[in-house]
Amino acid sequence: MSKEDDARLDQKVRAAWMYYIAGQNQSEIATLLGTSRPVVQRLIAAAKEEGIVSIGLHHPVANCLDYAQLLQEKYQLHECNIVPVYSEDSLLDSVAFGCYQVMSRFLRADTPKIIGIGSGFTLKKTIQRIDFNCKNARCVALISAMDENGQCNYYDDVPLLLARKLEAKYSQWPAPRYAQTNDEHAMWCSSRLFNNVSELANLSDVIFVGVGPLGEQSPIYKDGFINRAQLDELTALGSVGEILGRFIDANGNVVNSEINQLITSYDIRNNPCPRIGVACGDYKRPAILAALKGGWVNGLVTDEHTARWLLTR
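Residues numbered from 1 in each chain as written. Predicted model: local features only at pLDDT ≥ 70, side-chain atom pairs only at ≥ 80, totals over all residues. Heavy atoms only, no water.

Q: Sorry if this is basic, but what is going on with the sheet that holds strand E6 (residues 212-213) here?
A: Sheet strands line up and pair through hydrogen bonds in the backbone, either parallel or antiparallel. Here 3 strands make up an open sheet; going across it, the order is E6-E7-E8 and the pairing antiparallel. Only two strands of the sheet have a single partner each, and these edge strands are E6 and strand E8 (246-249). Bridging between strand E7 (residues 239-243) and E8 involves 4 bridges; their strand directions are antiparallel. Considered in E8, the bridge of serine 239 is made with aspartate 249. Packing against the sheet, helix H13 (residues 285-293) makes contact with E6, E7 and E8, and its axis sits at approximately 65° to E7. (Pairing = 2+ DSSP bridges. Helix = DSSP H or I, 4+ residues; strand = E, 2+ residues; numbered from the N terminus. Contact = heavy atoms within 4.5 Å. Axes fitted to C-alpha atoms, helices over the stretch in contact; angles between N-to-C directions.)

Encoded structure:
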């Protein structure tokens, strides 16, 4: 395919994505693509005629396909899905749709699957798109939704939401997210119930997790799982983000802090299965890079701007 053909394909798929997935009208698409409404009409019509569009999109944006292949080679990834960006407002929806594409492929397979699932708003939006069941699947939460007082936040019904959508069995993570003392941590993590759920997590066929940034706007701080003193300590120790509540530095190493000694969540490095990180936006980029460097994830769903940034690191 020539560069001219590649650019034409890119425009067709972007227009189709905006129209069918994001619900933009043709005038809005023309503005975003820097072209006219009649051109947008022709692009959308051509996408349908060429089989790019039926109920969903079956062809990725050309540039995104290139980025995905390069990222797979650079970071030795099993899975990589890069979605187009046409506005900041729709970024999260686009990445959620990209994650839905990957998740559907695993869940619609013939053999029963055990799905390990983390938490976060992007994963929640992904699961809300699921429109099929998978009754033979089993879902296992990899991190607790509870704080030390048993209180949960609205992000963290993600594993239950997935199980409900799939009509599947569901295993809850049987401990608060952080213990309060080392003795309490040992008590939680040595219980029969904890060991049973941990063993199920070890059997996961695929894992989906969010990648969290560290800062005043990060959910783990805003939702009260860590306090200001802990945030300042973690920042001083070089932490750039977290995976299932474990705080990591720029190279993906677990930082030496008390809060990391008290986390009860599953360590996904114990499972060699596809571990798909789902995250987007410039404020998450250092955490995404750290997760890749540290081997926490071996798959990625993100936006094209973040993909391009990762390729320059």
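Q: Would you take a moment to explain the pattern of salt bridges for this structure?
A: Should the charged atoms of two oppositely charged side chains come close, the side chains can pair. Inspection of every chain in the model, using the stated rule, returns 11 salt bridges. Notably, a salt bridge pairs aspartate 10 with arginine 14, separated by 2.5 Å at the nearest N-O pair. You can see aspartate 10 and its partner arginine 14 sitting in helix H1 (residues 3-21), 4 residues apart, about one turn around the helix. Taking the relative accessible area as the measure of exposure, arginine 14 reaches 11% and is therefore buried. Residues joined in a network through salt bridges with shared partners are Asp10, Arg14 and Glu304. (Salt bridge = Lys/Arg side-chain N within 4 Å of Asp/Glu carboxyl O. Buried < 20%, exposed > 50% of the residue type's maximum accessible area, 1.4 Å probe, protein only.)

Q: I would appreciate a short explanation of the sheet that holds strand E1 (residues 79-83) in the present structure.
A: Read from one edge of the open sheet, 7 strands run E1-E10-E9-E5-E2-E3-E4, paired in parallel fashion. Unpaired on one side and paired on the other, E1 and strand E4 (169-171) mark the two borders of the sheet. For this sheet, the mean angle separating the axes of adjacent strands, direction not counted, is 15°. In terms of strand pairing, strand E2 (residues 114-117) meets strand E3 (residues 138-141) through 4 bridges, oriented parallel. Residue pairing across strands places isoleucine 115 opposite cysteine 139, the latter belonging to E3. Contacting E1 and strand E10 (299-303), helix H14 (residues 304-311) runs over the sheet at an angle of about 120° to E10.

Q: What exactly am I supposed to notice about the packing of aromatic side chains here?
A: Pairs of aromatic rings are described using the distance from one ring centre to the other and the angle between the two planes. Overall, the coordinates contain 6 aromatic pairs when judged by the stated rule. A ring pair is formed by tyrosine 19 and tyrosine 20, whose centres lie 5.0 Å apart and whose planes are at 90°; its orientation type is edge-to-face. When its relative accessible area of 32% is taken as the criterion, tyrosine 20 is described as partly exposed. Measuring from centroid to centroid gives 5.1 Å for tryptophan 173 and phenylalanine 194, while their planes differ by 70°, and the two rings are edge-to-face. One end of the pair, tryptophan 173, is in the loop between E4 and helix H8 (182-189); the other, phenylalanine 194, is in helix H9 (residues 192-202), and 21 residues separate them in sequence. (Phe/Tyr/Trp six-rings, centres within 6.5 Å; stacked < 30°, edge-to-face > 60°.)

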